[in-house]
Amino acid sequence: MEETHQKPHAIFVPYPLQGHVNPSVHLAIKLASKGFTVTFINTHSIHHQITAASAASDIFAAIRESGLDIRYATVSDGLPVEFDRSLNHDQFMAALLHVFSAHVEAAVEGIIQSGTTPEPSCLIADSFFVFPSKVAKKFGLKYVSYWTEPALVFTLYYHIGLLRLNGHFGCLEAREDAINYIPGVKSINPIDTTSYLQESDGSSVCHQIIFKAFEDVKGADFVLCNSVQELELETILALKTKMPFYSIGPVFPIGFTKSLVPTSLWSESDCTQWLDTKPPGSVLYVSFGSYAHVTHDNLVEIATGLLLSEVSFVWVLRADIVSSEDPDPLPSGFREELGDRSMIIPWCCQIQVLAHPSIGGFLTHCGWNSILESIWCEVPLLCFPLYTDQFTNRKLVVDDWKIGINLCDKKQITRVEVSRNVSHLMSKKTGDNCRNEIKGMKKRLENALRPDGSSEINLDQFIKDLKFSIQKKSGATLGGNKDRISNGT
Ligand code: UDP
């Protein structure tokens with residue numbers, strides 16, 4: 001038993017989306033480098049995509065050679081590997097809601113019954129899953145819930161009952177006045193809450209996931225959050241009074257260089273040589289992440305606005321950006337007209353591109369990983385949120401931190417406004433306010449990751465607390481965890 005206490009064995013299940021797999025792989029590596037054994041479980045579909053994109057058959061092989069104990073398994077998400085999850089979002093989410101837990105449960109049981117050592121002691125799983133506390137309880141594991149978005153978004157979902165009670169969610173005519181009663185959140189306008197909280201019909205599959213997941217998270221023994229205490233101090237302090245909540249971000253690949261563990265779901269185009277030919281700070285990086293879709297009309301306005309702006313750009317244009325049924329949505333002749341002014345690619349190693357000195361701005365959908373990566377590279381943001389947490393993330397970036405500006409003020413975007421705001425952000429005169437602010441933010445992130453920084457201290461404290469609770473539990477009956485977190489409302 002002594003050995004188990006020294007070396008916890010975590011079974012780690014990331015949410016099967018790029019923006020969740022990335023910070024999960026990097027957290028797994030971080031924990032392994034602090035002495036954990038980790039068994040990382042990807043879905044067949046994620047595994048298939050990563051290995052097809054990188055030609056690696058065991059994604060953790062290289063990191064294992066460096067001495068870390070990370071084992072790897074795959075499970076079905078309930079759908080065939082070749083199923084188009086991007087085109088059939090609701091069916092995909094329904095599989096995660098109804099079917100995935102059975103596959104995870106079987107996998108966890110298999111690992112435990114194999115007699116592997118050290119004996120698994122905790123389940124680390126994404127907070128968006130609807131089942132981990134039950135699975136963990138069944139097998140006598142501690143449940144560590146991993147939240148890969150800002151603490152502000154976590155607390156909005158955690159207090160969904162309070163939002164409903166106050167008429168800010170789930171009413172036919174929801175209130176439009178500011179929300180000012182959530183602990184640790186001074187004030188937030190309803191239009192800055194997540195897309196799901198702004199919809200009056202709460203019956204979608206994603207709503208069901210959120211409701212169930214935030215019930216399940218109340219059974220977590222620990223919550224880890226990929227944010228930084230100094231960035232969201234009041235919100236995080238308020239959450240800490242309700243549960244063992246640890247901000248441990250930003251969780252990046254070691255040294256912020258291309259990870260030894262491949263994570264990209266698409267093969268990466270290399271734009272380094274092209275970027276090398278451009279002056280410092282002159283290129284706009286454009287990407288809307290791995291999953292969000294843009295309407296055909298908006299895409300044409302953005303493309304034409306970029307053309308009008310006369311700024312050079314790298315544009316990550318996924319084949320399914322509008323829909324996998326519309327793989328080439330750019331206006332005809334667009335690429336030719338731009339010539340050497342742009343590089344349009346299906347995917348890249350984003351951190352490598354953002355870190356290149358020629359990059360001076362990022363037109364982004366406001367995915368949380370993208371924001372953290374951009375801050376790290378001191379690249380100011382042009383914000384075009386599309387759905388889910390991206391509206392709330394935009395508020396943090398533009399209204400609170402002032403490290404970015406909005407792409408357009410109204411929902412309907414126009415080429416003229418796109419062009420004007422691209423020029424505004426990229427110009428030294430007008431963009432320097434954001435550039436100066438982001439330097440200060442980078443310092444906070446850097447400080448948080450120092451040995452005496454908040455995130456490093458929080459991670460070490462979590463490990464200490466986890467080990468202590470495992471030790472304590474070894475005397476109790478199986479699945480008899482008492483230290484559950486309480487109801488948020
Ligand atoms: N990313 C990448 N290459 C690209 C575009 C994105 O490696 O061409 C990575 C990016 O660095 C980030 C993740 O994919 O880590 C996207 O996560 P984010 O939270 O920004 O957005 P999501 O895809 O979840 O909407």
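Residues numbered from 1 in each chain as written. Predicted model: local features only at pLDDT ≥ 70, side-chain atom pairs only at ≥ 80, totals over all residues. Heavy atoms only, no water.

Visitor: Tell me about the overall build of the protein chain, and name the residues and values.
Guide: Each helix and strand counted, the protein chain has 21 helices and 13 strands in total. A compact globule built from 489 residues should have a C-alpha radius of gyration of about 23 Å, and the protein chain, at 22 Å, falls within 12% of that. Principal-axis analysis of the C-alpha atoms places the extent of the protein chain at approximately 70 × 55 × 45 Å. Here the protein chain holds 489 residues, and 60% of them are scored as buried. Restricting to contacts in the protein chain with at least 6 residues of sequence separation, those with at least 24 account for 73%. Only carbon and sulfur atoms are counted for the fraction: they give 53% of the accessible area of the protein chain, which is about 19,500 Å². Where the 43 positive side-chain charges of the protein chain centre and where its 54 negative ones centre are 6 Å apart. (Helix = DSSP H or I, 4+ residues; strand = E, 2+ residues; numbered from the N terminus. Rg over C-alpha atoms; globule rule 2.2 N^0.38 Å. Buried < 20%, exposed > 50% of the residue type's maximum accessible area, 1.4 Å probe, protein only. Contact = heavy atoms within 4.5 Å. Areas by Shrake-Rupley, 256 points an atom, 1.4 Å probe, with all protein chains shown as cover. Lys, Arg positive; Asp, Glu negative; His and termini not counted. Charge placed at Lys NZ, Arg CZ, Asp CG, Glu CD.)

Visitor: So what's going on with the state of the cysteines? Which residues, and what values?
Guide: One pass over the structure, following the stated rule, counts zero disulfides. Not engaged in a disulfide, the cysteine C377 finds its nearest cysteine sulfur in C349; these two sulfurs lie 10 Å apart. (Disulfide = S-S within 2.5 Å.)

Visitor: Can you explain the sheet that holds strand β1 (residues 9-13)? Please cite residues and give values.
Guide: Sheet strands pair by backbone hydrogen bonding; their relative direction is either parallel or antiparallel. Strand order in the open sheet formed by seven strands is β3-β2-β1-β4-β5-β6-β7, and the pairing between neighbours is parallel. Since the sheet does not close on itself, it has two edges, and those belong to β3 (70-75) and β7 (245-247), each with one partner. Strand-to-strand twist in this sheet, taken as the mean axis angle between neighbours without regard to direction, amounts to 20 degrees. Both strand β2 (residues 37-43) and β3 contribute to a ladder of six bridges, which runs parallel. Its bridge partner being in β3, V38 is matched across the sheet by I70. Each of β4 (122-126), β5 (142-147), β6 (222-225) and β7 is contacted by helix α21 (residues 454-473), which is oriented at about 145 degrees to β7, the strand it contacts most. (Pairing = 2+ DSSP bridges. Axes fitted to C-alpha atoms, helices over the stretch in contact; angles between N-to-C directions.)

Visitor: Quick one: what's the story with the pairing of β2, residue by residue and with numbers?
Guide: The buried count for β2 comes to seven of seven residues, which makes it a mostly enclosed element. Side chains of β2 alternate between two faces, with T37, T39, I41 and T43 and V38, F40 and N42 buried alike. Pairing analysis gives four bridges linking β1 to β2, with the strands arranged parallel. Paired with I11 across the bridge in β2 is T39. With helix α2 (residues 18-33) bridging β1 and its parallel neighbour β2, the resulting β-α-β unit is right-handed. (Right-handed = clockwise from strand over helix to strand, strands pointing away.)

Visitor: Outline the site of the ligand, listing residues and values.
Guide: Close contacts around the ligand come from 17 residues, with S290, C348, H365, S370 and E373 the closest. A distance of 3.4 Å is found between a nitrogen atom of the ligand and a side-chain nitrogen or oxygen belonging to W347. Between the ligand and the protein, one listed contact pairs an oxygen atom with a backbone N or O atom of W368 at 3.4 Å. Contact with the protein chains removes 91% of the 540 Å² of surface that the ligand exposes when unbound. (Near = heavy atom within 4 Å. Polar contact = N/O pair within 3.5 Å; in protein donor to acceptor, adjacent residues only side chain to side chain.)

Visitor: Give me the lowdown on the side chain of S309, citing residues and values where you can.
Guide: Looking at where S309 falls in the secondary structure, it is placed in helix α14 (residues 296-309). The class of S309 is buried, set by a relative accessible area of 9%. Here the side chain of S309 touches L306 through a polar contact of 2.7 Å, landing on its backbone oxygen. S309 has contacts with R341, S419, V422 and S423, leaving out every residue within four places of it along the chain.

Visitor: Summarise the pattern of salt bridges; cite the residues concerned and give the values.
Guide: Inspection of the entire model under this criterion finds 23 salt bridges. One salt bridge connects D460 with K34, and the closest N-O pair in it is separated by 2.8 Å. Of this pair, D460 sits in helix α21 while K34 sits in the loop between α2 and β2, placing them 426 residues apart in sequence. Under the relative-accessibility criterion, K34 is labelled partly exposed at 27%. One salt bridge in this structure joins D328 and R335, with 3.7 Å as the shortest N-O distance. Judged by its relative accessible area of 51%, D328 falls in the exposed class. Relative accessible area serves as the criterion here: at 40%, R335 is assigned to the partly exposed category. (Salt bridge = Lys/Arg side-chain N within 4 Å of Asp/Glu carboxyl O.)

Visitor: Could you give an account of helix α6 (residues 100-113), naming the residues involved and the relevant values?
Guide: With 14 residues, α6 extends 20 Å from end C-alpha to end C-alpha; this agrees with the ideal 20 Å at 1.5 Å per step. Of the residues making up α6, those classed as buried are F100, S101, V104, A107, V108 and I111. Projected down its long axis, α6 shows its buried positions confined to an angular sector of 125 degrees, all on one face. On its buried side, α6 packs onto β1, β2, β3, α5 (89-98), β4 and α7 (132-138). Downstream of α6 by one or two residues, G115 has phi in the positive range, about 75 degrees. (Expected span 1.5 Å × (residues − 1). Arc of directions from axis to C-beta.)

Visitor: Explain the confidence of the model for the protein chain to me, and be specific about the residues and the numbers.
Guide: Chain-level pLDDT for the protein chain is 94 on average; 96% of the residues reach the 70-or-more range. Scored below 50 in pLDDT, residues 477-484 shows 16 contacts in the model against residues more than four places distant or in partner chains. (pLDDT = per-residue confidence, 0-100.)

Visitor: Now, about the packing of helix α8 (residues 151-158) against helix α18 (residues 390-400): what can you tell me, with residues and values included?
Guide: At a minimum axis distance of 9 Å, the contact between α8 and α18 shows a crossing angle of 135 degrees. As far as their axial angle goes, α18 and α8 are oblique. Judged by the sense of rotation from one axis to the other, the crossing of α8 with α18 is right-handed. Seen from α8, the contacting residues are L152, V153 and L156; seen from α18, they are T392, N393, K395 and L396. (Parallel < 35°, antiparallel > 145°, perpendicular 65-115°, else oblique. Left-handed = near helix turned anticlockwise from the far one by under 90°.)

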